[in-house]
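# Residue-level structure breakdown
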Amino acid sequence: MDIDLRFFATFREAVGEKERTRTVEDDATVGDVLAALEGEYEGLEGRLLADGAIRPQLSVLKNGRNVVHMAGVETTLEEGDVVSVFPPVAGG
């Protein structure tokens, strides 16, 4: 099945594009996708997951809803879902 991935700020720089469509297995989870991204892009290695969970201060949304309020890395994906990945925000 196909899902859309959206990247922001430094993650967009690491991937080299704002959006991309990705074909994933029918039983894929958010964690599966994040792990694959870490393995595929050197600039994302170790920046998305820590100890099997989404890194603190990282925002990962499925169709506009934070997956932390769903099943976290175990959040299942469906055809046409949009997964957005935001790096931690800093400022003052």
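Throughout what follows, the structure given in this document is the object of discussion.

Parameters and conventions
Residues numbered from 1 in each chain as written. Predicted model: local features only at pLDDT ≥ 70, side-chain atom pairs only at ≥ 80, totals over all residues. Heavy atoms only, no water. Helix = DSSP H or I, 4+ residues; strand = E, 2+ residues; numbered from the N terminus. Buried < 20%, exposed > 50% of the residue type's maximum accessible area, 1.4 Å probe, protein only. Pairing = 2+ DSSP bridges. Patch = residues over 30% accessible without salt bridge, like charges linked within 9 Å, V, L, I, M, F, W, Y side chains within 5 Å. Areas by Shrake-Rupley, 256 points an atom, 1.4 Å probe, with all protein chains shown as cover. Salt bridge = Lys/Arg side-chain N within 4 Å of Asp/Glu carboxyl O. Lys, Arg positive; Asp, Glu negative; His and termini not counted. Charge placed at Lys NZ, Arg CZ, Asp CG, Glu CD.

Bringing unusual backbone geometry into the picture now. The phi torsion of most residues other than glycine is negative, and most of the peptide bonds are trans. A positive phi angle, close to 50°, is found at A9, a residue other than glycine. In this fold, A9 is placed in helix α1 (residues 9-15). Overall, A9 belongs to the partly exposed group, its relative accessible area being 46%. The phi dihedral of N63 falls on the positive side, at around 55°, and the residue is not glycine.

Time to look at the sheet that holds strand β2 (residues 19-23). Across the sheet, which stays open at both edges, the five strands sit in the order β2-β1-β7-β5-β6 with mixed pairing between neighbours. Lying at the two open borders of the sheet, with one neighbouring strand each, are β2 and β6 (65-66). Across four bridges, strand β1 (residues 2-7) lies against strand β7 (residues 82-86) in parallel orientation. The partner of R6 across the bridge, within β7, is S84.

The next point concerns the environment of G39. Note that G39 resides in helix α2 (residues 30-40). Sequence separation of G39 and L5 is 34 residues, and the distance between their C-alpha atoms is 16 Å.

Time to look at a negative patch on the surface. Together, D2, E25, D26, D27, D32, E74 and E79 line one region of the surface with negative charge. Along the chain, E25 turns up in the loop between β2 and α2.

On to the pattern of salt bridges, then. Applying the stated criterion across every chain, the model contains five salt bridges. Notably, a salt bridge pairs R20 with E17, separated by 3.5 Å at the nearest N-O pair. Taking the relative accessible area as the measure of exposure, R20 reaches 26% and is therefore partly exposed. Each of E17, R20, R22 and E40 takes part in a single network of salt bridges with overlapping partners.

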